[in-house]
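# Structural overview for review
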Amino acid sequence: MTPAEQSLKAAEVCSAAPVVPVIQIEDAAQAHGLATALVAGGLPALEVTLRTDAALDAISAMADVEGGIVGAGTLLTPTDVKAAKAAGATFGVSPGATDALIKAAEDEELPLLPGAVTASEVMNLLERGYTVQKFFPAEAAGGIPMLKGFSSPLPQVRFCPTGGISLSNARNYLALPNTICVGGSWVVPKDAVANGDWDRITKLAREATQLAA
Ligand code: 3PG
């Protein structure tokens, strides 16, 4: 798969719903219920961050949830990419981008949403064929004005801003012409996951789907 093809796949993932939940999960036993709750609420694309020991098992457990599109986030190294792919992730997300990481994602044919935050980073990724990128950490890095600033000189790049996004500011991001979706952890509060409060998660997911309206 060429980087441009990878980026098209990442665009498909981002187009599935206005919000990609950013999941940090401590217990893989919760994974299936959590993914089912999010998909039921209308958020099929799920990013499980590789920040916990349970993350890879969680990805495997989520992979058979009907309608789900399960990816791995916080990919930092080629080892992460291989492990994510082996666990069943169908896309990857990284906070930034390195040559080694990009090469690994291409070698493993794992569609990648690579992170960028400056015009040069965006241009470097674009040069390699990545027309869909994660803008991270969105709020800290300049938020909506920054994305607006990119839209004139770099209209061919679309973003998934992530980091500091919530129900209160997501709509303003989604109104930008170069924002394809947003990523956020607000739809998966830690206590709701720990308590298996799937009704609350489904309600939050449903609320998030309304952002596109
Ligand atoms: C993260 O790295 O944790 C993600 O960007 C999610 O950020 P958020 O918790 O601000 O939504």
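Positions within a chain are numbered from 1, following the residues in the order the chain's sequence is written. Reporting of local features is limited, given that this is a predicted model, to residues whose pLDDT is at least 70; pairs of side-chain atoms are given and counted only at 80 or more, and all residues count toward the totals for whole chains, interfaces and linings. Side-chain numbers here rest on the full set of heavy atoms in the structure, without hydrogens or water.

## Examining the sheet that holds strand β6 (residues 115-116)
To keep things clear, this is the line we draw: Pairs of strands are assigned from DSSP output, requiring at least two bridges between the strands. Each helix is a run of H or I in the DSSP string that is no shorter than four residues. Each strand is a run of E no shorter than two, and both are numbered from the N terminus.
Judged by pairing direction, the sheet is parallel, and its three strands sit side by side in the order β6-β7-β8 without closing on themselves. A single partner strand is all that each edge strand has here, and the edge strands are β6 and β8 (158-161). Where β6 lies against strand β7 (residues 132-135), two bridges are found, and the strand directions are parallel. Directly across from Gly 115, in β7, lies its bridge partner Lys 134.

## Focus on the environment of Pro 111
The line we're drawing: Contacts are residue-level and defined by heavy atoms, with any inter-residue pair within 4.5 Å sufficient.
When you line up the elements, Pro 111 lands in the loop between α5 (99-107) and β5 (112-113). Sequence-distant contacts of Pro 111, defined by excluding residues within four places in its chain, comprise Met 1, Gln 6, Lys 9, Ala 10, Thr 90, Phe 91 and Gly 92.

## Considering the pairing of strand β1 (residues 19-23)
Note the following rule: For the exposure calls, accessible area comes from a 1.4 Å probe over protein chains only, and a residue counts as buried if that area is under 20% of its type's maximum, exposed if over 50%, partly exposed in between. By convention, orient the strands away from the viewer: a clockwise path from the first strand over the helix to the second makes the crossover right-handed.
Across the five residues that make up β1, a large majority, five, are buried. Neither face of β1 is exposed, since Val 19, Pro 21 and Ile 23 on one face and Val 20 and Val 22 on the opposite face are all buried. Of the strand pairs in this sheet, β1 and strand β9 (residues 182-184) are connected by three bridges, and their pairing is parallel. By the bridge assignment, Pro 21 is partnered in β9 with Gly 184. Where β1 and strand β2 (residues 45-49) come together, two bridges link them in parallel fashion. Residue pairing for β2: Ile 23 is matched across the bridge by Val 48. As for the winding sense of the linkage, the β-α-β connection from β1 through helix α2 (residues 31-40) to β2 is right-handed.

## Some thoughts on the environment of Gln 133
To keep things clear, this is the line we draw: Counting of polar contacts relies on pairs of N or O atoms within 3.5 Å, with two restrictions inside protein: one atom must be capable of donating a hydrogen and the other of accepting it, and residues adjacent in sequence are counted only when both atoms are side-chain atoms.
Tracing the backbone shows Gln 133 in strand β7. On a C-alpha basis, the gap between Gln 133 and Ser 166 in space is 19 Å, while along the polypeptide they are 33 residues apart. Not counting residues within four places of it along the chain, the set of residues in contact with Gln 133 comprises Leu 113, Pro 114, Ala 116, Val 122, Leu 125, Leu 126, Val 157, Arg 158, Phe 159 and Cys 160. Reaching out from Gln 133, the side chain makes a polar contact with the backbone oxygen of Val 122 at a distance of 3.2 Å.

## A word on the sheet that holds strand β3 (residues 69-73)
Taking strand neighbours across the sheet as the criterion, the six strands line up as β5-β4-β3-β2-β1-β9 in an open arrangement whose pairing is parallel. A strand with exactly one partner marks an edge of an open sheet, and here the two such strands are β5 and β9. Examined bridge by bridge, strand β4 (residues 91-93) and β5 share two bridges and lie parallel to one another. If you follow Val 93 over to β5, its bridge partner there is Leu 113.

## With respect to the pairing of β2
By the criterion of burial, β2 is predominantly enclosed, with five of the five residues buried. Bridging between β2 and β3 involves five bridges; their strand directions are parallel. Bridge pairing in β3 links Glu 47 to Gly 71. In this fold, the crossover linking β2 to β3 by way of helix α3 (residues 55-62) has right-handed handedness.

## A closer look at the nonpolar core
Under the convention used in this document: In this text, buried Ala, Val, Leu, Ile, Met, Phe, Trp, Tyr and Cys residues form a nonpolar core when linked through side-chain atoms within 4.5 Å.
Counting 60 residues, the largest nonpolar core has Ile 23, Leu 34, Val 48, Met 62 and Trp 186 as the members making the most contacts within it. The leading source of residues in this core is α2, at six residues. Formed by 12 residues, the second largest nonpolar core is a distinct cluster that contains Ala 11, Cys 14, Ala 45 and Cys 160.

## Looking at the site of the ligand
Rules: Here a residue is near a molecule or strand as soon as one of its heavy atoms is found within 4 Å of it. Values of accessible area rely on a 1.4 Å probe in the Shrake-Rupley scheme; residue burial ignores everything except the protein chains shown. Side-chain classes follow a simple rule in which Ala, Val, Leu, Ile, Met, Phe, Trp, Tyr, Cys and Pro form the nonpolar group, Asp, Glu, Lys and Arg form the charged group, and the remainder, Gly included, forms the polar group.
Every residue close to the ligand is listed here: Val 22, Arg 51, Phe 136, Thr 162, Gly 163, Gly 164, Gly 184 and Ser 185. At 2.6 Å from an oxygen atom of the ligand is found a side-chain nitrogen or oxygen belonging to Arg 51. Interatomic distance of 2.5 Å between a side-chain N/O atom of Ser 185 and an oxygen atom of the ligand. Summarising the interface, the protein chains cover 77% of the accessible area of the ligand, which totals 310 Å² for the free molecule. Tallied by class, residues from the shell around the ligand come to two nonpolar, five polar and one charged.

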